[in-house]
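Observations on the model geometry
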Amino acid sequence: LENNLISLATPIDDTPVSYGGWTPQNYHGENVGISNPRDGIKQSSNTVAVKVASYVGEGTMVDFGKKFGLNLIDEDKNLTLALGATKGGQTPKNIAGAYSALSRNGEYICPSFIRFVTKNNQKIYTTAQDKRKVISNATAFLLNDCLIDTAKTGTAKTLSSLPFSLASKTGTVQDTENSSINTDAWNVSYNNKF
């Protein structure tokens, strides 16, 4: 979106394709045919994510990920990065920092656990906030809108009953021997109204 390579409505064929012998699979092996990035995000489609990554390029993915504070190295320059696979892994703090940049209209601030320290009602230490613009307001708006859809009618729709709007993304890690078993499940949700 940021580099105008795709739009949220770009048609993408959500059918299996092989990349050097590796074929990304959707949950339960289900494919819907012609889709688009918006629905791919909403339904957490692995094949759509990897196809978009193939358009964008592996180096560009790593460069953007680093701007969002993710722990990425040169060995992460491959299409599995589109599914969250990294050599060094990510911490919940890294993930929270990356998503919080979306809630701030594309402005990344490295998260910290301490905002300030006081002594005798005076601030004696304040965490430095290194702010940097990583994507445009327009791109952040579009991604937030997609993630709000995900919470309303997508993979995070169980959150739709809350009395406020959320942006949300789900993710799972499948067992390497039995793809019908998840070994881990994530949900990142935020609301920039708080």
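Everything below is about the structure printed above this text.
Our subject in this report is the structure included herewith. Numbering of residues begins from 1 in every chain and follows the order in which that chain's sequence is written. Local features in a predicted model are, by the rule used here, given only for residues with pLDDT of at least 70; side-chain atom pairs are given and counted only at 80 or more, and totals for whole chains, interfaces and linings are based on all residues. The side-chain quantities take in all heavy atoms of the structure and omit both hydrogens and water.

1. Looking at unusual backbone geometry
For Asn 105, which is not glycine, the phi torsion reads 55° and is therefore positive. In DSSP terms, a helix is any run of H or I states spanning at least four residues, a strand is any run of E spanning at least two, and both are numbered starting from the N terminus. Residue placement: Asn 105 occurs in the loop between helix H4 (92-103) and strand E3 (107-109).

2. A closer look at the side chain of Lys 51
Counting through the fold element by element, Lys 51 comes out in helix H2 (residues 46-56). For the exposure calls, accessible area comes from a 1.4 Å probe over protein chains only, and a residue counts as buried if that area is under 20% of its type's maximum, exposed if over 50%, partly exposed in between. The convention is simple: Lys and Arg are positive, Asp and Glu are negative, and His and the chain ends are not counted. In the sections that follow, a salt bridge refers to a side-chain nitrogen of Lys or Arg positioned within 4 Å of a carboxyl oxygen of Asp or Glu. Buried and without a salt bridge, Lys 51 has Asp 13 as its closest oppositely charged side chain, separated by 4.8 Å. Polar contact is the term for a pair of N or O atoms within 3.5 Å; when the atoms are in protein, one must be able to donate a hydrogen and the other to accept it, and sequence-neighboring residues count only if both atoms are side-chain atoms. Of note is the side chain of Lys 51, whose polar atom sits 2.9 Å from the backbone oxygen of Thr 15. In contact with Lys 51, not counting residues within four places along its chain, are Ile 12, Asp 13, Asp 14, Thr 15, Val 17 and Tyr 19. When checking whether two residues touch, look at their non-hydrogen atoms; a contact exists if any pair is within 4.5 Å.

3. A few points about the packing of aromatic side chains
Two rings from Phe, Tyr or Trp (for Trp, the six-membered ring) form a pair when their centres are within 6.5 Å of each other. A pair whose planes differ by under 30 degrees is stacked, one over 60 is edge-to-face, and the rest are tilted. Tallying each qualifying case throughout the model produces 1 aromatic pair. Relative to Tyr 190, the ring of Tyr 99 lies with its centre 6.3 Å away and its plane at 45°, an arrangement referred to as tilted. Placement of the pair is Tyr 99 in helix H4 and Tyr 190 in strand E8 (residues 182-190), with a sequence separation of 91 residues. Taking the relative accessible area as the measure of exposure, Tyr 99 reaches 22% and is therefore partly exposed. A relative accessible area of 12% places Tyr 190 in the buried class. Two conditions define a charge located above a ring, namely a distance within 6 Å from the ring centre to NZ of Lys or CZ of Arg, and an angle within 35 degrees of the ring normal. Above the face of the Phe 64 ring, Lys 67 is positioned so that its terminal group lies 4.8 Å from the ring centre.

4. Here we look at the pairing of strand E4 (residues 116-119)
At least two DSSP bridges between two strands are needed for those strands to be called paired. In terms of strand pairing, E4 meets strand E5 (residues 122-126) through 4 bridges, oriented antiparallel. Within the sheet, the bridge partner assigned to Lys 119 lies in E5 and is Gln 122. Linking E4 back to E5 in an antiparallel pair, the connection comprises 2 residues, with Asn 120 at a positive phi of about 55°.

5. Quick notes on the nonpolar core
Of all hydrophobic cores here, the largest spans 12 residues; its members are Phe 64, Phe 68, Ala 98, Ala 101, Leu 102, Tyr 108, Val 134, Ile 135, Ala 140, Leu 147, Ala 167 and Tyr 190. At the level of secondary structure, the elements contributing two or more residues to this core comprise H4 and helix H5 (137-153). Those residues in contact with Phe 68, other than ones at most four positions away along the chain, are Asn 94, Gly 97, Ala 98, Ala 101, Leu 102, Tyr 108, Val 134 and Ile 135. Note on terminology: a nonpolar core comprises buried Ala, Val, Leu, Ile, Met, Phe, Trp, Tyr and Cys residues joined through side-chain atoms within 4.5 Å. Ranked by size, the runner-up nonpolar core spans 7 residues in total, among them Ala 53, Met 61, Val 62 and Leu 81.

6. Some remarks on helix H3 (residues 58-67)
Buried within H3 we find Met 61, Val 62, Phe 64 and Gly 65. Taken around the axis of H3, the buried residues stretch over an arc of 165°, which confines them to a single face. Residues of H3 that are buried make contact with H2. Looking one or two places after H3, you find Gly 69, whose phi comes out positive at around 85°. Summarising the geometry, the arc corresponds to the directions from the helix axis toward the C-beta atoms.

7. Structural notes on the pattern of salt bridges
Evaluated as defined, the whole model comprises 5 salt bridges. Across the salt bridge formed by Asp 149 and Arg 38, the nearest N and O atoms sit 2.7 Å from each other. One end of the pair, Asp 149, is in helix H5; the other, Arg 38, is in helix H1 (residues 37-42), with 111 residues separating them in the sequence. Of the charged contacts, one joins Asp 74 and Lys 77 as a salt bridge, the two residues approaching to 3.6 Å between their closest N and O atoms.

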